[in-house]
Amino acid sequence: MLRLLGKTLLKLTGWRYDDVPDYWHKKQIIIGFPHTSNMDTIIAFCYNHIIRANAKVFIKSDWFFWPMSSILKPLGGFPVERDKGSGLVKDIIHQFNKEKRFIIAIVPEGTRKKTKKIKTGFWNMAKGANVPVLCLYYDGKAKRIRWVGHIRPGNDLVADLLKIKALYKPYGYELPLGDLDQYYKK
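The structure displayed is predicted, hence computed values, not measured ones. (Residues numbered from 1 in each chain as written. Predicted model: local features only at pLDDT ≥ 70, side-chain atom pairs only at ≥ 80, totals over all residues. Heavy atoms only, no water.)

## Description of the environment of Cys46
Selection rule: Strands here mean DSSP runs of E at least two residues long; helices mean DSSP runs of H or I at least four residues long; both are numbered from the N terminus. Residue exposure (1.4 Å probe, protein chains only): buried if accessible area is under 20% of the type maximum, exposed if over 50%, otherwise partly exposed. Pairs of residues are marked as contacts when any of their non-hydrogen atoms sit within 4.5 Å.
As for its position among the elements, Cys46 is in helix H2 (residues 39-50). A relative accessible area of 7% places Cys46 in the buried class. The spatial distance from the C-alpha of Cys46 to the C-alpha of Trp147 is 16 Å, given a sequence separation of 101 residues. In contact with Cys46, other than residues within four places in its own chain, are Gly6, Leu9 and Leu10.

What follows is the structure, encoded as structure tokens:
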């Protein structure tokens, strides 16, 4: 039912989408760019059900109040406390190690506002759980959801961010990394 509803909603709004890529895994983290409006989340929920990913979509915990929580949780919404030190990375790594199939979807910008630095928890989760990061692009101009590639995290966060940036570049999207020094732990 939700799959049909998702297809209908995307069709009515003029959005098209790529099929699941051949590098799809049962355990993975999906990152999506750009995050410009709350409509991105609706599109993500629709696509999640269309491709039957059963991904947990990270959403700031402020949205999980009644009645919203009764809608978001069944759709795959996963409440996230955005404070540093919440233990989320460790908890998600544990969940990946426990489950046979586990997919997380994250928008690393962490906000709908313009940003000069993305949040790198996705990379820490993927590295810690030894799972790939799949890169999704919400192409607003073409109204198309596109898969642009994937990486398996190595030992250098900045090198991996540059690889991810290179995946998005041919599609006309400039990943907001800002000064790369800000990603090194001081």
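## Here's the deal with unusual backbone geometry
Of the consecutive residues Phe33 and Pro34, the connecting peptide bond is found in the cis state with omega at -15°. Position of Pro34 relative to the elements: it lies in the loop between strand E2 (27-33) and H2. Positioned with a positive phi, Arg52 is a non-glycine residue whose angle comes to about 55°. Its location among the elements puts Arg52 in the loop between H2 and strand E3 (56-60). One non-glycine residue with positive phi stands out, namely Asn130, at about 55°. Within the element layout of this structure, Asn130 appears in the loop between helix H5 (121-129) and strand E6 (133-139). Of the residues examined, Asn130 reaches a relative accessible area of 55% and is grouped as exposed.

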